[in-house]
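Commentary on secondary and tertiary structure
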Amino acid sequence: METASLKHAEAAEAFLRDEENADWHNETLWFVRSKRDRAAHSLPEWEQLREQASQIKTHTLSRLDDYLIQLEENAKKNGITVHWAANGDEHNRIVHSILQQHNASKIVKSKSMLTEECHLNPYLIERGIEVIDTDLGERIIQLRNEPPSHIVMPAIHLKKKHIGDLFHQHLGTEAGAEDPQYLTEAARIHLRQKFLMADVAITGVNFAIAETGGFVVCTNEGNADLGAHLAKVHIACMGIEKVIPKAEHLGVFLRLLTRSATGQPITTFSSHFRKPGPGQEMHLVLVDNGRTRQLASPDFRNSLKCIRCGACMNTCPVYRRSGGHSYHTAVAGPIGSILAPNIDMKEYADLPFASTLCGSCSNVCPVKIDIHQQLYKWRQVLGEAGAVESSKKMGMSGMDVLFSHPWLYRFAGRAGRWLMQKFPSLANKPSLNPWAIHRDMPKPPAQSFRDWYAEQNKKTNG
Amino acid sequence: MAESTTRDTILAAIRRGKPDVQPLPATIGFAPNMASDQFADTFLTMVKNNGGQAIRVTSLDEVNAFLGNEYDLTLPVLSRVSGLDISNFTPAEDLRLLDDLHLVVLEGKVGVAENAAIWVDEPVMGIRALPFITLNLALVVSEKNIVGNMHQAYPRIDTSVGFGAFIAGPSKTADIEQSLVIGAHGSKTLTVFLLADAGH
């Protein structure tokens, strides 16, 4: 296996060049994290609620085959057509074949990270299908020909000026107009026409319920509903880990999901689909795409508990200061950095290193995924597979030698302090020390802790 | 590859890889964080927090009067609340014509105090698109149907219906610089009438 490039680090550096925008990004996501805290603290049972959610998910994964079979059986009874896809390509082919059966050429789609993961849009567009993303943030980035930078707030990397320019160009809004109310209204009018003309609606799935054979889709905008209820055909696409056993479990997850995501007590629309509407057709596509592999790995299977709230991103000091696009994968941030290497270890070998391992992600996760520990474990796996970049590997083996030879460690410390005192400019030179690219080295201490400790001992003991 | 084969492959892979059976939690859910006599007030406060308008009424006549003051009832209006006969719009087969709707009034079957989510299901809607496509939405909820939290709501709703939704406010978005804008795709306003129980 070849060594990975410095993809995340390089992209993050580019993101940080626009300092004002980077600061705004950091502060805005921290604000969302603070709203999450207030929402969580409003429930005295928050921690127990997380525990229940975690246990329900752990239980479900331990009987995933049974619940998927139950879901399929009940969905069929309800008149829903169920499909199974081993990977993204099969998923895309299934969706496209449904469109072909209906001679459909106009599709509206609500937010679905699964279809991003499978690259459904380009697949359909190449085959002459018009695919319109209807979530406002998703529509914005679609017009910009960009992937989402956040799973809940897809356009969080953009300022209203960018969006004003974009809408001026594509939707004919006034030049220079950047009032969010005005721009949202323009998008509403534009997308309302798309909803009314669509042949087929595609949605994601937040939760599928084995007991009822139905599924729940959550939005604040109402875009999933407008699409699904107006089109003749509704295709809902889900990863196999989205199933939960019973409807009563939704009470637990719906209380956690939006509080964790944006600090709201619940999404505006939590829509429970169970049967096709009169004269309509409903399809449910169950997708594996690496999930069974993740399930078979005791170290990483916990990541399948994820309910895609985005709390781990909002709190992550690396995500906030590097932007979602620097992760070059559909799901950015800490959870994405666990999921992506499972799909392609070589392509995403950089991501488990895009973390300080501070553990904040694990602390806010509503289903108690040990995110930072899994990132740490990925580093071991990638190291053993030879997928760690050479500069990092050299540094690591250097450290290994240093820490296993106390005399060398003492010497290196003394040499380092001497060098930094005599030639501070050398230590701060980014070409020699990449750590110093955006920061200065601290002032070296006059004496090491070891020397200081020995001196204290001498004083005390005479 | 035939679909049945993919299904079997996925299920076989799950069986090979899944962990030993882990138990479900012994209990699911929690009691509400408020006494039941606070449900109504909390519910109304949360309706407002969600961007809706909250009105206490004692009869449907009051609902009628309020809507008459608030909206131009000569524009397309559809009420599916029995006893509130203000409809002037007959839905056609073509769902696209619903785009003209100015106001839809529906019965909310269950209201949740903690988050002001209101359960509206297919029997109540008649047409699934109604509460989403209308410009303005009004929901009438009986005070006796207010519960404390989501755990109390699920046993009260009929999950056998083809479609149902918890609606918690007007459609909204914050996708442009995190500025909250009410009225993204769905209804731009939500008015919730809390109807006092008969005999109060």
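What counts, and where the lines are drawn
Throughout this description, residue numbers start from 1 for each chain and increase along the sequence as written. Whichever chain is written first is A, and whichever ligand is written first is 1; the rest continue in order. Given that this is a predicted model, residues contribute local features only at a pLDDT of at least 70 and side-chain atom pairs are listed and counted only at 80 or more, while totals for whole chains, interfaces and linings are drawn from all residues. Note: side-chain values were computed over all heavy atoms of the structure, leaving out hydrogens and water. Any Lys or Arg side-chain nitrogen found within 4 Å of a carboxyl oxygen on Asp or Glu counts as a salt bridge. Accessible area is worked out with a 1.4 Å probe on protein chains only. A residue is then buried under 20% of its type maximum, exposed over 50%, and partly exposed in between. Throughout, a residue-residue contact means that at least one pair of heavy atoms, one from each residue, lies within 4.5 Å. Summed over both partners, the accessible area lost on bringing two parts together, with a 1.4 Å probe, is the buried area. Any residue with relative accessible area above 30% and no salt bridge may belong to a patch, with like charges joined within 9 Å and the nonpolar Val, Leu, Ile, Met, Phe, Trp and Tyr side chains within 5 Å. Methods summary: accessible areas were calculated by the Shrake-Rupley approach with a probe of 1.4 Å, and residue burial reflects only the protein chains presented. The sign given to each residue is positive for Lys and Arg and negative for Asp and Glu; His and the chain ends receive no count. A charge is said to be at NZ when it belongs to Lys, at CZ for Arg, at CG for Asp and at CD for Glu. Strand pairing is assigned whenever DSSP identifies at least 2 bridges connecting the two strands. Each helix is a run of DSSP H or I of at least 4 residues and each strand a run of E of at least 2, with the numbering of both proceeding from the N terminus. Only the stretch in contact is used when a helix axis is fitted, and all axes are lines through C-alpha atoms; the angle between N-to-C directions ranges over 0 to 180 degrees.

**Observations regarding the pattern of salt bridges**
As enumerated under the stated definition, the model contains 32 salt bridges over all chains in all. With a closest N to O distance of 3.1 Å, Asp66(A) and Arg63(A) form a salt bridge. On the basis of relative accessible area, Arg63(A) is assigned to the partly exposed category, the value being 27%. A single network of salt bridges, built from pairs that share partners, joins Glu45(A), Arg255(A), Arg259(A) and Glu114(B).

**Here's the deal with the interface of chain A and chain B**
Note on interface size: it is often stated as the accessible area lost on association of the parts. The partner chain B presents 70 residues to the 93 residues of chain A that form the contact. Both sides of the chain A and chain B interface together cover about 6,800 Å² of buried area, and 61% of this is carbon and sulfur. By the criterion of area lost to chain B, the three top residues of chain A are Trp84(A), Arg188(A) and His229(A), representing 10% of everything that side buries. Taken together, the connections running from chain A to chain B amount to seven salt bridges.

**Section: a negative patch on the surface**
A surface patch of like charges, here negative, comprises Asp18(A), Glu19(A), Glu20(A), Asp23(A) and Glu27(A). On the basis of relative accessibility, which here comes to 59%, the residue Glu19(A) falls in the exposed class.

**Some details on the sheet that holds strand E3 (residues 130-133) of chain A**
Residues and elements named next belong to chain A. Pairing is parallel in the open sheet, where six strands are placed in the order E1-E10-E7-E4-E2-E3. Each of the sheet's edge strands pairs with one partner strand only, and the pair in question is strand E1 (80-85) and E3. If you compare each strand with its neighbour and ignore which way they point, the axes differ by 20° on average. When strand E2 (residues 106-109) meets strand E4 (residues 200-203), the two strands line up parallel, connected through three bridges. Along E4, the bridge assignment pairs Val108 with Ala201. Contacts from helix H5 (residues 88-101) reach E1, E2, E4, strand E7 (233-239) and strand E10 (281-287) within the one sheet, and its direction differs from that of E1 by about 145°.

**Side note on the sheet that holds strand E3 (residues 103-108) of chain B**
All names here are of chain B. With parallel pairing, five strands are arranged side by side in an open sheet as E1-E11-E6-E3-E2. The strands lining the two open edges of the sheet, one partner per strand, are strand E1 (53-57) and strand E2 (77-79). For this sheet the average axis-to-axis angle between neighbouring strands, irrespective of direction, equals 20°. The pairing of E2 with E3 spans three bridges and is classified as parallel.

Read these as geometric descriptors, not functional statements.
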